[in-house]
Amino acid sequence: MSRPIWQGSITFGLVNIPVQLQTAVREKNVNFHLLSKDGTCRLRRKLYCPDTGKEVDFSDTARGIEIGKDEYVLVDEKELERIRPEKGRSIGIEQFVEIGEIDPLYFDRPYFVTPADGSEKAYKLLHAAMKQSQRVGLARFVMRGRENLAAIRVMEDGLVLHTMHYADEVLSLNDALPAALARAKEPGK
């Protein structure tokens, strides 16, 4: 098994269960590198200004958000630090729901939740209660500088945590369907 990528506790009410998250999926993508024709040298890309053609050193760059065509608002690193969520080591379960209440479209990445040393008994109790009630825990936690929504569910003899998309990140199917399809009448009518 792989090493933990996050360590902390599952919390709800007065319950605190030390756990670890481990990657549950290993994607098998092939990544190509850009090489010289004879394959002896890996090529690098350089930063440059397309208006002037001049090369720009990375230390002379800034972050910005596009607000219109060729219009940007610069964001200072101090501003980003102020809005970054506070680091924590807690997966706070806010409520328990039936799995059918969550559209799979909201699921993002799965992680195995394993008990940390000494928390095996509490972990097994939580697992048994969730399995018996057929409920999923909806939670929030901070990982890699980002607050995540998550669903914790039973899988075989353990727990799996799925990070989830926020509602405003999920697009409407109606926006994706062509207008003609949306206006089409049902067959036979």
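First things first, this report covers the structure right here in the doc. (Residues numbered from 1 in each chain as written. Predicted model: local features only at pLDDT ≥ 70, side-chain atom pairs only at ≥ 80, totals over all residues. Heavy atoms only, no water.)

Digging into the overall build of the protein chain
Point 1. Along the backbone of the protein chain there are four helices and nine strands.
Point 2. Secondary structure elements of the protein chain, listed N to C terminal, follow the sequence β-β-β-β-α-β-β-α-β-β-β-α-α.
Point 3. When its C-alpha atoms are laid out on the principal axes, the protein chain stretches across 65 × 60 × 45 Å.
Point 4. Counting all 189 residues of the protein chain, 23% fall into the buried class.
Point 5. In the protein chain, the share of contacts with a sequence separation of at least 24, taken over all contacts with a separation of at least 6, comes to 58%. (Helix = DSSP H or I, 4+ residues; strand = E, 2+ residues; numbered from the N terminus. Buried < 20%, exposed > 50% of the residue type's maximum accessible area, 1.4 Å probe, protein only. Contact = heavy atoms within 4.5 Å.)

Things to note about the packing of aromatic side chains
Point 1. Going through the model one piece at a time under the given rule, you end up with two aromatic pairs.
Point 2. Aromatic side chains Trp6 and Phe141 sit 5.5 Å apart centroid to centroid with 75 degrees between the ring planes, which places their arrangement in the edge-to-face category. Of this pair, Trp6 sits in strand 1 (residues 6-12) while Phe141 is found in strand 7 (residues 135-143), placing the two residues 135 residues apart along the sequence.
Point 3. Residue classification places Trp6 among the buried residues on the basis of a relative accessible area of 4%.
Point 4. Judged by centre distance (5.6 Å) and plane angle (85 degrees), the rings of Phe12 and Phe96 are edge-to-face. Here the residue Phe12 occupies a position in strand 1, and Phe96 occupies one in strand 5 (residues 90-98), the gap between them amounting to 84 residues.
Point 5. A residue is classified by how much of its surface remains accessible, and Phe12, at 22% relative accessible area, is partly exposed. (Phe/Tyr/Trp six-rings, centres within 6.5 Å; stacked < 30°, edge-to-face > 60°.)

Some remarks on the layout of surface pockets
Point 1. Estimates place the volume of the largest pocket at around 210 Å³.
Point 2. Lining the largest pocket are 15 residues, with Tyr106, Leu138, Leu149, Met164 and His165 positioned closest to its centre.
Point 3. When contributions to the lining of the largest pocket are tallied by element, the ones reaching two or more residues are strand 5, strand 7 and strand 8 (146-155).
Point 4. Ranked by residues supplied to the lining of the largest pocket, first place goes to strand 7 with three residues. (1 Å grid on protein atoms, 1.4 Å probe; cavity = no way out; pocket = protein on both sides within 12 Å on 5 of 7 lines; lining within 4 Å. Points joined across faces, edges and corners; volume = space filled by probe spheres on them.)

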